[in-house]
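Given next are the chains, with one letter for each unit.
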Amino acid sequence: MKLADAPLLAALRDPGLMADFGDNDWDWVVRQGRSAGLLGRLGALAGGRGLKASIPSPVWHHMTAALTVADRQRHAVLWEVKLLSRALAPVGVPVVLLKGAAYAAAGLPPAAGRTFSDIDILVPKSSLPEVEKHLLLSGWISSHQDAYAQRYYRQWMHELPPMIHIRRGTNLDVHHGILPETARIKTRPDLILAAAKHLPGYGNIFIPCPEDQVLHSATHLYHEGEWQHGLRDLSDLDCLLRAYIEDADFMSRLTARARELNLTGPLGHALSNVRIMLDTPVPSLSQLSLKSQSGRLRRVIMDNLFVSAMGSAHPSVRRPATGAAEFLLYVRSHWLRMPIHLLIPHLLRKSLERNELGKPAAPTPKP
Amino acid sequence: MRLGDLSRDGLREKLHDGLILETGPFRTRIVSHTPEVLAGLELLYSDFSVHDDGFCDFHVQVDRVSGPRRYFRPQITFKFDGMEPFKPLPADHAFASLEWGLNYCIAGYAHHYLMLHAAVLEKNGRAVILPGDPGAGKSTLTAALSLSGFRLLSDELTLVDRDDGMLVPLARPVSLKNASIDIIRNFSPRAVLGDAAYDTHKGTVVHLKPSTESVRRAGEKAKPALIVFPRWIADTNTKLTHHSKADAFMDAANHAFNYDLLGSLGYDLVANLVDACDCHDFEYSQLPDAVQAFTELLG
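Just so it is clear, the model here is predicted, and its values are computed rather than measured.

Thresholds applied
What you see as residue numbers is a count from 1 along each chain, following the sequence as written. For naming, the first written chain is A and the first written ligand is 1, with later ones following in the order written. pLDDT decides what is reported in this predicted model: residues at 70 or higher carry local features, side-chain atom pairs at 80 or more are listed and counted, and totals for whole chains, interfaces and linings draw on all residues regardless. Side-chain figures throughout are based on the complete set of non-hydrogen atoms in the structure, without hydrogens or water. Strands are treated as partners if at least two bridges between them are detected by DSSP. Helix and strand labels come from DSSP, where a helix needs a run of H or I of at least four residues and a strand needs a run of E of at least two; each type is numbered from the N terminus. Only the stretch in contact is used when a helix axis is fitted, and all axes are lines through C-alpha atoms; the angle between N-to-C directions ranges over 0 to 180 degrees. Residues count as neighbours in contact if any of their non-hydrogen atoms are within 4.5 Å of one another. Counted as salt bridges are all cases of a side-chain nitrogen of Lys or Arg within 4 Å of a carboxyl oxygen of Asp or Glu. Polar contacts here mean pairs of N or O atoms no more than 3.5 Å apart (in protein, one a potential hydrogen donor and the other a potential acceptor; neighbouring residues in sequence count only if both atoms are side-chain atoms). All residues other than Ala, Val, Leu, Ile, Met, Phe, Trp, Tyr, Cys, Pro, Asp, Glu, Lys and Arg, Gly among them, are scored as polar; the first ten of these are nonpolar and the last four charged. Nonpolar side chains (Val, Leu, Ile, Met, Phe, Trp, Tyr) are joined into patches within 5 Å and like charges within 9 Å, using only residues with over 30% relative accessible area and no salt bridge. We get accessible surface area from the Shrake-Rupley algorithm with a probe of 1.4 Å; when it comes to residues, only the shown protein chains can shield them. Classification of residues uses two cut-offs on accessible area relative to the type maximum, computed with a 1.4 Å probe and protein chains only: under 20% is buried, over 50% is exposed, and between them is partly exposed.

So, the sheet that holds strand β13 (residues 197-200) of chain B
Hydrogen bonding along the main chain pairs the strands of a sheet, whether they run parallel or antiparallel.
All names here are of chain B.
And step 1. Pairing is antiparallel in the open sheet, where 3 strands are placed in the order β12-β14-β13. Strands at the two margins of the open sheet, each flanked by one partner only, are β12 (174-177) and β13. Strand-to-strand twist across the sheet, computed as the mean angle between neighbouring axes with direction ignored, equals 35°.
And step 2. Relative to the sheet, helix α4 (residues 138-146) contacts β12 and β14 (203-208), its axis offset from that of β12 by approximately 130°.
And step 3. Along the sheet, helix α5 (residues 179-187) contacts β12 and β14; its crossing angle with β12, the most-contacted strand, is approximately 115°.

Structural notes on the interface of chain A and chain B
And step 1. Facing the 17 residues of chain A at the interface are 16 residues of chain B.
And step 2. In this structure, the connection of chain A to chain B is made through 1 salt bridge.
And step 3. Close ionic contact of Arg31 of chain A with Asp81 of chain B constitutes a salt bridge, the shortest N to O distance being 2.7 Å.
And step 4. Inspection of the chain A/chain B interface yields 10 residue pairs in polar contact (both at pLDDT 80 or more).
And step 5. Of all the elements in the fold, those that place two or more residues in the side of chain A that touches chain B are α2 (23-36) and α4 (57-88) of chain A.
And step 6. Among the residues making up the side of chain A that touches chain B, the classes are represented as 7 nonpolar, 5 polar and 5 charged.

So, the sheet that holds strand β7 (residues 205-207) of chain A
Residues and elements named next belong to chain A.
And step 1. Across the sheet, 7 strands lie side by side as β3-β4-β5-β2-β1-β7-β6; this open sheet has mixed pairing. On the outer flanks of this sheet lie β3 (140-142) and β6 (197-198), each paired with one strand and no other.
And step 2. When strand β1 (residues 95-98) meets strand β2 (residues 119-122), the two strands line up antiparallel, connected through 3 bridges. Directly across from Leu97, in β2, lies its bridge partner Ile121.
And step 3. The strands touched by α4 within the sheet are β1, β2, β3, β5 (171-175) and β7, with β2 carrying the most contacts at an inclination of about 35°.

Focus: a nonpolar patch on the surface
Residue and element names in this part refer to chain A.
And step 1. Together, Trp335, Ile340, Ile344 and Leu348 make up an exposed nonpolar region whose accessible area comes to about 410 Å².
And step 2. For the nonpolar patch, the leading source of residues is helix α15 (residues 340-355), giving 3 residues.
And step 3. For Ile340, the position within the fold is in helix α15.
And step 4. Residue Ile340 is classed as partly exposed on the basis of its relative accessible area, which comes to 45%.

What about the side chain of Thr68 of chain A?
And step 1. Checked against the element boundaries, Thr68 of chain A lands in helix α4.
And step 2. Apart from residues no more than four positions distant in its own chain, Thr68 of chain A is found in contact with His111, Arg162, Leu261 and Leu262 of chain B.

Things to note about the pattern of salt bridges
And step 1. Enumeration according to the criterion identifies 34 salt bridges over all chains in this entry.
And step 2. Asp233 of chain A serves as the salt-bridge partner of Arg114 of chain A, at 3.9 Å between the closest nitrogen and oxygen. In this pair, Arg114 of chain A sits in the loop between α5 (99-106) and β2 while Asp233 of chain A sits in helix α10 (residues 230-244), placing the two residues 119 residues apart along the sequence.
And step 3. The buried category is assigned to Arg114 of chain A, whose relative accessible area is 4%.
And step 4. A relative accessible area of 2% means that Asp233 of chain A is categorised as buried.
And step 5. Linking Arg172 of chain B and Glu99 of chain B is a salt bridge whose minimum nitrogen-to-oxygen distance equals 2.8 Å. Residue Arg172 of chain B is located in the loop between β11 (167-168) and β12, and its partner Glu99 of chain B is located in helix α3 (residues 94-109); the two are separated by 73 residues in the primary sequence. For the pair Arg172 of chain B and Glu99 of chain B, a shared accessibility class is recorded, and that class is buried.
And step 6. Connected through shared salt-bridge partners, Arg41, Lys99, Arg114, Arg232, Asp233 and Asp236 of chain A make up one network.

What to know about unusual backbone geometry
Peptide bonds are trans in most cases, and residues, glycine excluded, mostly fall at negative phi.
Residue and element names in this part refer to chain B.
And step 1. Positive phi values are uncommon outside glycine, yet Asp81 reaches one of about 50°.
And step 2. Residue position: Asp81 is located in the loop between β5 (75-80) and β6 (89-90).
And step 3. Phi at Asn124 is positive, roughly 55°, even though this residue is not glycine.
And step 4. Looking at the element boundaries, Asn124 is found in the loop between β7 (113-123) and β8 (126-131).

Without other data, these values stay purely geometric and don't point to any function.
Below is the structure:
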């Protein structure tokens, strides 16, 4: 099955179609949706449009189950945010929630039915030592203890080594940027921090402004090699864009902001892909004067690569090219992440460590 | 159609393409090429309904691991829609791993229900829930009761429907371990037992075929009436004592797979369940005495 023809994508494009799905469609939707982490979102879309009565009850039970998991995570995240806010209050800097945590805490459009595995925050780079100290005092410890991983994150990445809470076991990624220090593209996290919106009810918790939500989500998707969640992340972008473009000026503000932050590349990929895959009603790249310098052929090649890689959402939509696309994009993500004189020793080290029995490989950083 | 209506060759062919097996509220599409799964299903699931097509809750596969291990100490893996949640196991664990795999699917995804790690049986329209810590003799007691005219709903997973608080049957085979296998064989000549899986993480495991009546009524929910915490103690007399409702609440919540996940709904479901039930501790050593005691309780 081609991913573009999958009933899952049809339902995401036009939730009303779910009313006419047959048993065979539902069988695929539940399998693909569960594997792609999108079953909760479909449940929320169906519930929101009053389609519950036309969905077979076994299918609805699976959607309820996914919504229940998402709801539980939302509660857990709100609690963690409260504790983070308390732990970091003495530092006196803004703490910006990113992605899943921001969606959940602020009730943004992608939040309904969405699940996630860790909490990402962005803080000013100058405050990192204080932030880390106060997190440690509140029970957050580094989950990567070996010296190489510590150096890898601290010297080259845009985040501290991932942290885990010693009692609650929750995962926390503390970012000071949205791209690695060594990345080919440079952006301006200080501008994202400056434009962040205060989250009511917390003294020091913020979420990125709408334009930056889209730009960060796109940057994350197209710069990291996590294609297992690729379709879910693309659907997040679709949810954000569908909600924000109701404001007629949004797209022009978004493209201006992308230029300011030097993120027109990932935004171009995102807008092109949501149009192809999810029929998101956004203007074309040429209408937005966002054409990539290297032209139409490159656009077609990149779109094909990304669409193929999103086939990793479920075995049924994998194409013969999916594995190759994932590999090429993995190489690309590393190419974008580090200059070659750092990358080759890093990959060599990772491959050697992987061969040592009983020792985990050096981490593939998670943004 | 019932699974038992298929010939052995017909069943084998279905298992190659995907056999859709109905167990209570769930339909599972099973693919397997292993003789152990074929034999286990043929013997223990003959009364269950099978289907040709339609929506399936879970898609699973149990098959030999390919490569050199095909010939040297062959292994099998359980796949849930392409994912492998468990490490490969010895080939003779194939049928047991299908049973564990089905439990894994339900426990991991069926959050439409509050799920308790407990057995549940019914008689005279009243259901008894038997939560049990490992070694408490829950499965042995469940097997004996199910062979004595009690309707089996489940021996591992008690499903409480979140919509109405009723207990939902699975009626799948009862898993017996180690010494309890011979105890049940001796308890009733009518006990139909599958092939043993040796040296599993639970020791030797054998599955008991559920009664035809239990399977026939697997679409029929039951009303909770009793929660009984069984404990097998050697050479003791059968003894039924009061179990406080507050303790029963905590015990039931602790035995639930998804109490936490359901949040306030989980609290309400457990509270309503405990409210609706008389709660007891039960000590026993002899199965016939235990069956007598339960017959009186549910009379």
